[in-house]
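Letter by letter, the chains look like this.
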Amino acid sequence: MNMLSRFALAFILVATIVPAQAQQPRVPASRAEIGLSFAPVVARTAPGIVNVYALKSMPRNNPLLDDPFFRRFFGDRGGPDVPGFDGPSERIQRSLGSGVLVDPSGIVVTNNHVIEGADEVRVALADKREFDAELVLRDQRTDLAILRLKGGKGAFPFAELGSSDDLEVGDIVLAIGNPFGVGQTVTQGIVSALARTQLGITDYGFFIQTDAAINPGNSGGALVDGAGRVVGINTAIFSRSGGSQGIGFAIPADMVRVVLQSALGGSKVVRRPWLGANLQKVTVDIAEGLDLPRPTGALVQSVVPRSPAAGAGLKPGDLIVSVAGQAIDDPDGFGYRFATRPLGGSTQLGIIRQGREMSLDVALQSAPETTPRDELTLDNRSPFAGATVVNLSPAVAEEMRTIEVESGVVVTAVAENSPAERFNLRAGDVVLEVNGTEIAHTADLAQVTAQRSRIWRITLQRGGRKLTAMLPG
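Bear in mind the structure is a predicted one, so any value in this text is a computation, not a measurement.

**Comments concerning the overall build of the chain**
No. 1: The helix and strand inventory of the chain stands at 12 helices and 25 strands.
No. 2: Sequence separation of at least 24 residues holds for 59% of the intrachain contacts in the chain that already meet a minimum separation of 6.
No. 3: When the accessible surface of the chain is split by element, carbon and sulfur atoms take 52% of a total near 24900 Å².

The following block contains the structure:
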């Protein structure tokens with residue numbers, strides 16, 4: 001290469017490299033460059049995001065208010081400040097959350113914990129209109145609740161539900177809600193992770209993680225993708241301070257759709273596919289024993305007779321590794337993938353049995369209610385006073401996640417400060433025997449506890465273990 005050619009090559013390199021190195025910040029040159037923003041996405045979605053106000057009557061617990069003198073100064077605001085004014089015996093507790101209008105008829109999705117125990121629920125729209133709301137369906141297992149607005153003329157603005165399976169880690173998302181009650185607020189971040197499990201937030205632990213700021217009051221609000229579609233319902237944060245620290249969790253829209261379809265179909269409970277098998281997480285030791293390259297999948301511990309799992313030929317020791325072709329990492333991942341399959345027909349499970357890969361077709365049917373529930377709340381003088389019990393059936397066992405027992409009586413709720421709570425009775429406990437009498441139906445428990453006893457001998461099943469206790473009458 002001659003001197004002139006070398007000079008020409010050097011000139012070309014300088015001409016192409018130096019300008020790139022010399023770039024400096026500059027003022028935007030056009031309105032188009034200035035206008036780049038998420039405003040169109042917000043304009044499309046924000047009208048369908050609402051504030052949810054839950055009101056609950058609470059008994060007074062301040063002993064000073066028992067004295068009329070102190071009530072004159074510290075009683076309810078707005079009460080007459082005159083001698084002898086007693087004021088109400090209850091106070092109103094208010095909680096605030098967010099919600100999403102998902103249907104023009106006025107159907108709202110929010111978190112169950114936002115309206116838990118509320119005597120009255122009101123919803124405020126982005127355009128400042130307010131409506132009373134009625135509860136259509138609540139699902140504690142997913143922490144979701146469906147409300148319907150009362151009154152109103154014409155169609156309501158609503159946000160479109162997208163598919164959470166379309167998300168990828170790194171996608172830009174917006175969180176829209178009412179944090180700390182300051183008013184509708186939009187924050188922006190990315191999808192930090194997908195399929196977060198083992199969090200212990202809900203029964204179906206399978207969450208979208210985002211660093212978009214989520215704070216108290218955002219619960220029930222929308223996680224929105226770049227196209228303005230709702231891909232999740234914000235439900236929880238990881239925080240040491242109580243405020244956002246960049247780790248928030250949203251319920252995937254595909255699970256929201258399952259609960260919504262049950263509500264729109266007129267059901268009072270969410271109808272999901274029932275497997276009928278007890279699954280456990282694969283540990284490192286189990287993976288080594290099964291000669292797996294890594295700990296993954298859901299290991300079958302037991303199978304309920306006459307269940308879809310039994311009908312498909314699933315056996316204890318089988319390792320489930322996929323549902324409908326989608327890989328699963330653990331029982332929570334399986335629960336989500338299986339629960340979001342539509343009822344009717346069947347789906348394919350990928351399994352490993354004794355080192356061989358296989359596939360099984362499992363029927364997608366809901367758990368049957370073979371026995372009437374006969375719900376009963378006990379109020380007699382026994383250790384069960386304050387407990388609500390129902391008869392077990394596959395449907396109840398699936399709801400309570402108590403599949404070890406096919407029949408009997410299970411505790412569904414325990415009242416606060418009741419004898420049952422002091423006895424440490426828990427929801428999910430199966431009552432097997434009381435004072436030598438086998439408990440097969442709620443009527444059996446009502447009859448045996450109606451009799452006074454100096455000693456109560458009680459046998460329960462809790463988490464697969466049989467417990468026996470002796471209590472004084």
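**So, the pattern of salt bridges**
No. 1: Evaluated as defined, the whole model comprises 14 salt bridges.
No. 2: Residues R122 and E130 are paired through a salt bridge, measuring 3.4 Å at the closest nitrogen-oxygen approach.
No. 3: Look at E130 and you get partly exposed, because its relative accessible area is 44%.
No. 4: One salt bridge connects R272 with D139, and the closest N-O pair in it is separated by 2.2 Å. Here R272, found in the loop between helix 6 (253–264) and strand 13 (277–281), pairs with D139, found in strand 5 (residues 130–139); they are 133 residues apart in sequence, far enough to count as distant. In this structure, R272 and D139 share a single accessibility class: buried.
No. 5: Beyond isolated ion pairs, a larger network of salt bridges with shared partners links R122, E130 and D132.

**Observations concerning the layout of surface pockets**
No. 1: As a volume, the largest pocket reaches approximately 880 Å³.
No. 2: Along the walls of the largest pocket sit 28 residues, with Q140, V269, R373, E399 and M400 positioned nearest its centre.
No. 3: Those elements that place two or more of their residues in the lining of the largest pocket are strand 5, strand 20 (387–391), helix 10 (394–400) and strand 21 (409–414).
No. 4: Ranked by residues supplied to the lining of the largest pocket, first place goes to helix 10 with 5 residues.

**Quick notes on the packing of aromatic side chains**
No. 1: Applying the stated criterion to the full structure yields 4 aromatic pairs.
No. 2: Ring geometry for F207 and F249: centres 6.3 Å apart, planes at 65°, overall edge-to-face. Of this pair, F207 sits in strand 9 (residues 207–210) while F249 sits in strand 12 (residues 248–252), and the two are 42 residues apart along the sequence.
No. 3: What makes F207 buried here is its relative accessible area of 1%.
No. 4: Judged by relative accessible area, which is 7%, F249 ranks as buried.
No. 5: Where F334 meets F338, the ring centres are 5.2 Å apart and the plane angle is 15°; that geometry is what we call stacked. Residue F334 and its partner F338 are both found in helix 9 (residues 331–339); the two are separated by 4 residues, about one turn of the helix.
No. 6: Here F334 falls in the buried class, since its relative accessible area comes to 4%.
No. 7: According to the relative accessible area criterion, F338 is buried, its value standing at 3%.

**Section: helix 6**
No. 1: With 12 residues, helix 6 extends 16 Å between its outermost C-alpha atoms, agreeing within 8% with the 16 Å of an ideal straight helix rising 1.5 Å per residue.
No. 2: Looking only at helix 6, the buried set comprises A253, D254, M255, V256, V258, V259, L260, S262 and A263.
No. 3: Positioned one or two residues after helix 6, G266 has a phi angle of 90°, which is positive.

**Some details on the sheet that holds strand 8 (residues 185–196)**
No. 1: Taken in spatial order, the 6 strands of this closed barrel run 7-8-9-12-11-10, and their pairing is antiparallel. Across the sheet, the mean angle separating the axes of adjacent strands is 45° when strand polarity is ignored.
No. 2: Sheet topology note: the strand 11 (residues 230–237)/strand 12 ladder contains 5 bridges and is antiparallel. Bridge assignment links I237 to a residue of strand 12, and that residue is G248.
No. 3: Those strands touched by helix 6 are strand 11 and strand 12, and its axis lies near 50° from that of strand 12.

**Thoughts on the side chain of D318**
No. 1: By the secondary structure assignment, D318 is in the loop between helix 8 (308–312) and strand 15 (319–323).
No. 2: At 2.7 Å, the side chain of D318 and the side chain of R353 are in polar contact.
No. 3: With residues near it in sequence (within four places) discarded, D318 still touches A298, L299, V300, G313, I351, I352 and R353.

**Section: helix 9**
No. 1: The element helix 9 is extensively covered by neighbouring structure, given that 9 of its 9 residues are classed as buried.
No. 2: Turning to helix 9, its buried residues number three or more, namely P331, D332, G333, F334, G335, Y336, R337, F338 and A339.

Here is what the cut-offs are and how they apply
- Residues numbered from 1 in each chain as written.
- Predicted model: local features only at pLDDT ≥ 70, side-chain atom pairs only at ≥ 80, totals over all residues.
- Heavy atoms only, no water.
- Helix = DSSP H or I, 4+ residues; strand = E, 2+ residues; numbered from the N terminus.
- Contact = heavy atoms within 4.5 Å.
- Areas by Shrake-Rupley, 256 points an atom, 1.4 Å probe, with all protein chains shown as cover.
- Salt bridge = Lys/Arg side-chain N within 4 Å of Asp/Glu carboxyl O.
- Buried < 20%, exposed > 50% of the residue type's maximum accessible area, 1.4 Å probe, protein only.
- 1 Å grid on protein atoms, 1.4 Å probe; cavity = no way out; pocket = protein on both sides within 12 Å on 5 of 7 lines; lining within 4 Å.
- Points joined across faces, edges and corners; volume = space filled by probe spheres on them.
- Phe/Tyr/Trp six-rings, centres within 6.5 Å; stacked < 30°, edge-to-face > 60°.
- Expected span 1.5 Å × (residues − 1).
- Pairing = 2+ DSSP bridges.
- Axes fitted to C-alpha atoms, helices over the stretch in contact; angles between N-to-C directions.
- Polar contact = N/O pair within 3.5 Å; in protein donor to acceptor, adjacent residues only side chain to side chain.

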